[in-house]
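Listed here are the chains, written in short residue letters.
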2 protein chains.
Amino acid sequence: MQLPEAKQKFIETWGKLGSEWGINRTMAQVHALLLVTPDALTTEQVMEELSISRGNANMTLRDLIGWGLVEKQLRPGERKEYFYADKDIWNIARQVAKERRKRELEPVLKTLEELIQVKGDKNDPEFKTFHKSMTDINKMSKNADRMLDTMLQADESWFWGSIFKMFK
Amino acid sequence: MQLPEAKQKFIETWGKLGSEWGINRTMAQVHALLLVTPDALTTEQVMEELSISRGNANMTLRDLIGWGLVEKQLRPGERKEYFYADKDIWNIARQVAKERRKRELEPVLKTLEELIQVKGDKNDPEFKTFHKSMTDINKMSKNADRMLDTMLQADESWFWGSIFKMFK
DNA sequence: ATAAACTTTCAAAAAGTTTTGAAAGTTTAA
DNA sequence: TTAAACTTTCAAAACTTTTTGAAAGTTTAT
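A brief report on the enclosed structure follows. (Residues numbered from 1 in each chain as written. Chains lettered and ligands numbered in written order. Predicted model: local features only at pLDDT ≥ 70, side-chain atom pairs only at ≥ 80, totals over all residues. Heavy atoms only, no water.)

**Details of unusual backbone geometry**
Most peptide bonds take the trans configuration, and most residues that are not glycine carry a negative phi.
For step 1, the next point in the chain: Not every positive phi belongs to a glycine, and A:S51 is a case in point at roughly 50 degrees.
For step 2, the next point in the chain: Its place among the elements puts A:S51 in the loop between α3 (43-50) and α4 (54-66). (Helix = DSSP H or I, 4+ residues; strand = E, 2+ residues; numbered from the N terminus.)

**Observations concerning the relation of the copies chain B and chain A**
These two copies of the chain differ by a rotation about an axis and a displacement along the same axis.
For step 1, the next point in the chain: Mapping chain B onto chain A calls for a rotation angle of 180 degrees and an axial translation of 0.0 Å; the resulting RMSD is 0.1 Å. In the structure described here, the two chain copies are related by an operation that fits a two-fold rotation axis.
For step 2, the next point in the chain: Mapped onto chain A, 98% of the interface residues of chain B again fall at the interface, so both copies present the same surface. (Least-squares fit on C-alpha atoms with pLDDT ≥ 70 in both. Contact = heavy atoms within 4.5 Å.)

**As for the protein's contact with DNA strand D**
For step 1, the next point in the chain: Taken together, 17 residues lie near DNA strand D, and A:T26, A:S53, A:R79, B:N58 and B:R62 sit nearest.
For step 2, the next point in the chain: Restricting attention to atoms of DNA strand D within 4 Å of the protein, one finds that 65% of them are sugar or phosphate atoms.
For step 3, the next point in the chain: Side-chain polar atom of A:N56 to a phosphate oxygen of DNA strand D: 3.2 Å apart, as the coordinates give it.
For step 4, the next point in the chain: A:R79 is positioned such that a nitrogen or oxygen atom in its side chain is 3.1 Å from a base oxygen of DNA strand D.
For step 5, the next point in the chain: If you list the elements that add at least two residues to the surface near DNA strand D, you get α4 of chain A together with α4 (54-66) of chain B.
For step 6, the next point in the chain: No other element matches the 5 residues that α4(B) contributes to the surface near DNA strand D.
For step 7, the next point in the chain: The residue makeup of the surface near DNA strand D, split by class, is 2 nonpolar, 8 polar and 7 charged. (Near = heavy atom within 4 Å. Polar contact = N/O pair within 3.5 Å; in protein donor to acceptor, adjacent residues only side chain to side chain. Nonpolar A, V, L, I, M, F, W, Y, C, P; charged D, E, K, R; others polar.)

**Considering the sheet that holds strand β1 (residues 41-42) of chain B**
All names here are of chain B.
For step 1, the next point in the chain: Pairing is antiparallel in the open sheet, where 3 strands are placed in the order β1-β3-β2. Each edge of the open sheet is held by one strand with a lone partner, namely β1 and β2 (70-74).
For step 2, the next point in the chain: Across 2 bridges, the pairing between β1 and strand β3 (residues 81-85) is antiparallel. Its bridge partner being in β3, T42 is matched across the sheet by Y82. (Pairing = 2+ DSSP bridges.)

**So, the interface of chain B and chain A**
For step 1, the next point in the chain: Contacts between the two partners involve 50 residues from chain B and, on the opposite side, 49 residues from chain A.
For step 2, the next point in the chain: Overall, the association of chain B and chain A removes approximately 4,700 Å² of surface from exposure, summing both partners, and the carbon and sulfur fraction of that is 75%.
For step 3, the next point in the chain: Taken together, chain B and chain A are joined by 4 salt bridges.
For step 4, the next point in the chain: Counting across the interface, chain B meets chain A through 10 residue pairs in polar contact (both at pLDDT 80 or more).
For step 5, the next point in the chain: Broken down by secondary-structure element, the contributors of at least two residues to the side of chain B that touches chain A are α1 (3-20), α5 (89-117), α6 (125-152) and α7 (158-165) of chain B.
For step 6, the next point in the chain: If you tally residues by element for the side of chain B that touches chain A, the top one is α6(B), at 14 residues.
For step 7, the next point in the chain: Looking at side-chain class alone, the side of chain B that touches chain A contains 29 nonpolar, 9 polar and 12 charged residues. (Buried area = accessible area lost by both parts, 1.4 Å probe. Salt bridge = Lys/Arg side-chain N within 4 Å of Asp/Glu carboxyl O.)

Right under this line is the structure:
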């Protein structure tokens, strides 16, 4: 397999993976393209490489910036904006975990707290089952939340730091 | 808030969460319904409670069985099939992690192995960036894979067992 | 102030996904 | 074997999400 074909395949794979995990396919593809490109690209180049429209490229790049995965670069003497992706995969994973925690885990935790407060007849199996499920899910989500929090600070954490080293 | 309303809200929340994570909304909703229902339900009851069609209910229940989240129960002397969801949230999480690992992580690892083999000019920045990204992503995915594997066996593992207890 | 270079917006269209429901299939009891 | 009870299938319809592209907006240089 040659480089251009391999790039194509990676972009396709990354896009598919993204969409399976609730990330827009094009966004994952643009990210993949930037990941295998040594230097920053313009909107124009992204449009060209992936055959997507200007509007789509622009929106997707803005989203990627919102996720903290891509940065805008300005070059002295040029009007065009260049887009560059951080290539450190550990930073990428942290960034994604951080965003999803904020965007998805937090709202669910809020709803669960509310649902746990619902009062009912302690002898009603319906109520008992409901209440137990809510309590259990809440507990586990809170744990996941705390765990993520700890892991996201792994740089500074002796404990997780040493655990991750085990997997290097 | 009263129980029926609370159930409704939970079903809605769980469905939304599911779709944000690449799981079909209805599937997540049916699962949520079964999670807050003490006993097994028939296809008919699921259709009724969620106002969905027979075909949809049937397919969704089959999918849930495929994910290992729901079991079919047969009652002596009855023709109908009953569906019951395991309510142990830790089992649920493990099951989902296990399935997604198999369905998504494994194929990506396979593709990455292939892309890492691609040969090229070691002085070409294009090639260098591509190769480094592939190697890094592969490393991290393999780690995630091994970590999941370890965690999925936590029951039998002294090490992770004791780590999880910290978060109880 | 003007025009060129570039970015952003958004309504409409296309693409993709999910749902429906009627028909076909299967199993069981008598 | 037949009919009733139940389950499964799948093409078409409904719905959701994504993409397009032309128009509007912004910035910069002269």
